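Structural description and commentary
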Amino acid sequence: NALTTHAVEHMRETGRVFEVDDALGAINRMTEKRVPRPHEIKAIRAIFGDELAEAIAQAAKDKDFWSTFLEVWMLPKAVRSSFDISFPARQGIMVAPRHPLMWLDSIRTSVKGWVRPKDVIEDYTRMQTDSSPVGVKMADGSTQTLKLGQVADSMGILAERVEPFYNNNLAERLFLIGPAVRRSRISFTGAGNKLRFDMTRYWLNKWERMGVEINEDRIMKLGGLLNALTGRATVPKGFLFDFLQATWWSPQYRLSGPQVVATLARNMPGVPGGDLQIARIAAENLVAFVGGGIGLLSALKASGLADVNIDPRSTDFGKIKLGPTRINFWVTSQLLVRTIAQSITGTRIDPELGPIATDPGKVWGRYVQSGLAPELSVVYDYVSGETYLGEPLRPSAERGISGLEIAKREAVERTIPLAWSDIKKAIETDAVRGGLISAVGLLGLGVQSYEPSAANRLQLIPEFVGGLTQ
């Protein structure tokens, strides 16, 4: 009660409603073991003083057994997600058609994070302290002029760490590779912060020119949408968040596409509590992304420069196929649409053999398998007997695969960074052309290179299944 009373007096004197909400909200959520974010500690410092802020900041740094366990457990994910500049063409790709210049600038920031990481860290501080005025209508009907940096902090669009580097300082202290992991984290996080901050400035300025009311509720909805549009779905901090981070590669990224669609649906006209301005932003980005992607695929197909498959049941659906190498700019959205289509129809389209009946349960099982964190993926693949791409994990005299060969292959595949693994496979499959094409994977585009083996093709033909298995 004493803290609340003090905060209310502070609000009356300064008019800083967001700052008070941040401070009190952070203190209340600490009872749920939710660690305060930097901007919340900053608000606590401004309202309650340095002593309380320092105590809370120190408590946030102290790790219990669970936090230490998670840090060690998620170490492989942090390392294997490094050594690239993948944010723009992966998490940021959905906003590229609608905000192309801001998106291109995120590529520049990604590169700068590797070349001059200190500059990107300073950019983060400048965004937090940006003093550009924003007029915000408060619940009591008054209008307060707030600083853009303060508004952006309250929206939750600025972060010090994001997946896949969440809760992991250990990876940055590793011998030899630690500095590269740190630069990857700064590059990845900095590009996302810059892109979201630029879009926030753009939409707030546009609303102001249009005479659209800027209020606290609308600002918070905008923050949630911009996070989702850039691969950061809103997942409440706590056990669920930690569990998802520990078991999946990028749960927030996987959930971001569906959240954008849900945000559009929740804010459509006629929906209680909906906001047409938020629905408009969601719709503009979705239409530009889907429409632009379809236009690109259609142009490539018509020109004959690449093979394109538009059947959502096909494993090559929506991909740009150049020889044995596939480029997938839809990334996880393509996989989700394909999984839904295959499970509903009970059919998948094999690029070589056409329609094949499939079990919906197995289809969703493969969807889960594709998103598992590396630690669980090893267990899942070993139990199932094959990797996600169908490579055997059991020695077989008939196939001429020994246990030693499998062990060597898996040791390399499960330790090399993801982007470099794609390049390696492309070069092995298609030498020069594959290597050149797969380099786009360093920017975050999904790249796969493979040719079905003769044995795999025969196994899919009913007349030959018996002969191979007996």
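Definitions and limits used
The residue count restarts for each chain, going from 1 along the sequence in the order it is written. pLDDT decides what is reported in this predicted model: residues at 70 or higher carry local features, side-chain atom pairs at 80 or more are listed and counted, and totals for whole chains, interfaces and linings draw on all residues regardless. The side-chain numbers reported here are obtained from all heavy atoms of the structure, hydrogens and water having been left aside. Helical segments are the DSSP runs of H or I of at least four residues, strand segments are the runs of E of at least two, and each set is numbered from the N terminus. Using C-alpha atoms as the atom set, the radius of gyration is obtained and then compared with a globule rule of 2.2 Å times the number of residues to the power 0.38. The cut-offs for exposure are 20% and 50% of the maximum accessible area for each residue type, with area from a 1.4 Å probe on protein chains only; residues under the lower value are buried, those over the upper are exposed, and the others partly exposed. Contacts are assigned to residue pairs that have any heavy atoms within 4.5 Å of one another. Under this scheme, a helix contributes an axis fitted over its contacting stretch, all axes are lines through C-alpha atoms, and angles between N-to-C directions fall in the 0 to 180 degree range. Here the word oblique covers every angle except those under 35 degrees (roughly parallel), over 145 (roughly antiparallel) and from 65 to 115 (roughly perpendicular). Each crossing gets its handedness from the near helix: less than a right angle anticlockwise from the far helix is left-handed, clockwise is right-handed. Under the convention adopted here, Pro, Cys and the residues Ala, Val, Leu, Ile, Met, Phe, Trp and Tyr are nonpolar, Asp, Glu, Lys and Arg are charged, and Gly plus all remaining residues are polar. Exposure above 30% relative accessible area and no salt bridge define the residues that can form patches, which grow by joining like charges within 9 Å and nonpolar side chains of Val, Leu, Ile, Met, Phe, Trp and Tyr within 5 Å. Exposure was quantified through the Shrake-Rupley algorithm and a 1.4 Å probe, taking into account, for residues, occlusion by the shown protein chains and nothing else. Salt-bridge detection follows one rule: a side-chain nitrogen of Lys or Arg within 4 Å of a carboxyl oxygen of Asp or Glu. Pairing of aromatic side chains here covers Phe, Tyr and the six-membered ring of Trp, requires ring centres within 6.5 Å, and sorts the geometry by plane angle: under 30 degrees stacked, over 60 edge-to-face, intermediate tilted. Only protein atoms enter the 1 Å grid used here. Points where a 1.4 Å probe fits but cannot escape make up a cavity, open sets with protein on both sides within 12 Å along at least five of seven lines make up a pocket, and a residue lines them when an atom lies within 4 Å of a point. Grid points are joined across faces, edges and corners, and a volume is the space filled by probe spheres set on the points. Think of a nonpolar core as a cluster: buried Ala, Val, Leu, Ile, Met, Phe, Trp, Tyr and Cys residues, connected wherever their side-chain atoms sit within 4.5 Å. Strands are labelled as partners when DSSP assigns at least two bridges between them. Under the convention used throughout, the expected extent of a helix is 1.5 Å for every residue step, that is, one less than its residue count. Given a residue, its bend is the angle between the two axes fitted to the seven residues that end at it and to the seven that start from it. A positive count includes Lys and Arg, and a negative count includes Asp and Glu. His and the chain ends are not counted in either.

Moving on, we come to the overall build of the protein chain. Along the backbone of the protein chain there are 21 helices and 8 strands. Radius of gyration (C-alpha) of the protein chain: 24 Å, near the 23 Å computed for a compact globule of 470 residues. For the protein chain, the spread of C-alpha atoms along the three principal axes comes to 85 × 50 × 40 Å. Relative to its 470 residues, the protein chain shows a buried fraction of 49%. Residue pairs in contact within the protein chain that sit at least 24 positions apart in sequence constitute 62% of those at least 6 positions apart.

Positive phi values are uncommon outside glycine, yet L176 reaches one of about 70°. Turning to its location among the elements, L176 is positioned in the loop between α9 (148-155) and α10 (178-210). Taking relative accessible area as the criterion, L176 reaches 66% and is therefore assigned exposed. The phi torsion at V331 lies on the positive side, around 45°, for a residue other than glycine. Among the structural elements, V331 can be located in the loop between β5 (325-328) and α15 (332-345).

As a further point, take the packing of α15 against helix α16 (residues 360-371). Viewed as axis vectors pointing N to C, α15 and α16 meet at an angle of 165°, and their least axial separation amounts to 8 Å. Taken together, the axes of α15 and α16 lie roughly antiparallel to each other. In this structure, the crossing between α15 and α16 has a hand that is left-handed. For the pair α15 and α16, the contacting residues are L335, L336, T339, I340, Q342 and S343 in the first and P360, V363, W364, Y367 and S370 in the second. Classifying every residue of the contact of α15 with α16 by side-chain character gives 7 nonpolar, 4 polar and no charged.

Let's shift gears to a nonpolar patch on the surface. A surface patch of nonpolar side chains, amounting to about 430 Å² of accessible area, comprises W66, F69, F239 and F243. Listed by contribution, the elements that provide at least two residues to the nonpolar patch are α5 (65-73) and α12 (239-247).

Attention shifts here to the packing of aromatic side chains. Counted by the stated rule, this structure contains 6 aromatic pairs. Each ring, one from F87 and one from F188, has its centre 5.7 Å from the other, and the planes form 85°; the classification is edge-to-face. You can see F87 sitting in the loop between α6 (75-80) and α7 (100-115) and its partner F188 sitting in helix α10, a full 101 residues away along the chain. Take F87 and F188: they sit in the same class, and that class is buried. Their ring planes at 70° and their centres at 5.1 Å tell us that F289 and W330 sit as a pair that is edge-to-face. Of this pair, F289 sits in helix α14 (residues 276-303) while W330 sits in the loop between β5 and α15, and the two are 41 residues apart along the sequence. Taking the relative accessible area as the measure of exposure, F289 reaches 7% and is therefore buried.

Moving on, we come to empty space enclosed by the protein. To find leftover empty space, a probe the size of one water molecule is rolled over the atoms. Under the definition given, this model contains 2 cavities of 30 Å³ or more. Estimates place the volume of the largest cavity at around 100 Å³. Those elements that place two or more of their residues in the lining of the largest cavity are α11 (216-229), α13 (251-266) and α15. Top contributing element to the lining of the largest cavity by residue count: α13, with 5 residues. The residue makeup of the lining of the largest cavity, split by class, is 9 nonpolar, 6 polar and 2 charged. What the second largest cavity holds in volume is close to 50 Å³. Forming the walls of the second largest cavity are F87, Q91, V162, E163, F188, T189, G192, R196, T230, G231 and R232. The class makeup of the residues in the lining of the second largest cavity is 3 nonpolar, 5 polar and 3 charged.

A few words now on the nonpolar core. Membership of the largest hydrophobic core comes to 64 residues, with the highest contact counts inside it found for V136, V151, L204, W207, I219, L222 and V260. Membership of the second largest hydrophobic core comes to 14 residues, among which are A23, I27, I41 and I47.

Where α10 contacts α14, the axes come no closer than 13 Å and their chain directions differ by 130°. The orientation of α10 relative to α14 falls into the category oblique. The two elements α10 and α14 meet at a crossing, and its hand is right-handed. Only Q277, I278, R280, I281 and E284 of α14 make contact with α10, whose side of the interface consists of W203, K206, W207 and M210. Residue classes in the contact of α10 with α14 are distributed as 5 nonpolar, 1 polar and 3 charged.

On to the sheet that holds strand β3 (residues 307-308). Taken together, the 4 strands give an open sheet; going across it, the order is β3-β4-β5-β8, and neighbouring strands pair in antiparallel fashion. In this open sheet, the two edge strands, each paired with only one partner strand, are β3 and β8 (446-449). As judged from the 3 bridges shared by strand β4 (residues 320-322) and β5, these two strands associate in the antiparallel manner. Across the sheet, the residue bridging to I320 is I327, located in β5. Each of β4, β5 and β8 touches helix α19 (residues 418-438); the most contacted strand, β8, lies at about 105° to it.

An ideal rise of 1.5 Å per residue puts 22 Å on 16 residues; α13 measures up with 22 Å between its terminal C-alpha atoms. The largest bend in α13 amounts to roughly 35° and is located at G257, with the proline P258 lying one to four residues further along. Here α13 has its buried residues at P251, Q252, Y253, R254, S256, G257, Q259, V260, T263 and L264. Each element contacted by the buried residues of α13 is listed here: α11, α12, α14, α15 and α16.

Positionally, R232 belongs in the loop between α11 and α12. Buried within the structure, R232 lacks any salt-bridge partner; E163 is the closest side chain of opposite charge, at an N-O distance of 7.7 Å. Residues contacting R232, with those up to four places away along its chain left out, are G156, I157, A159, V162, R196, N227, Q252 and S256.

Such coordinate-based values are descriptive only and should not be taken to indicate function.
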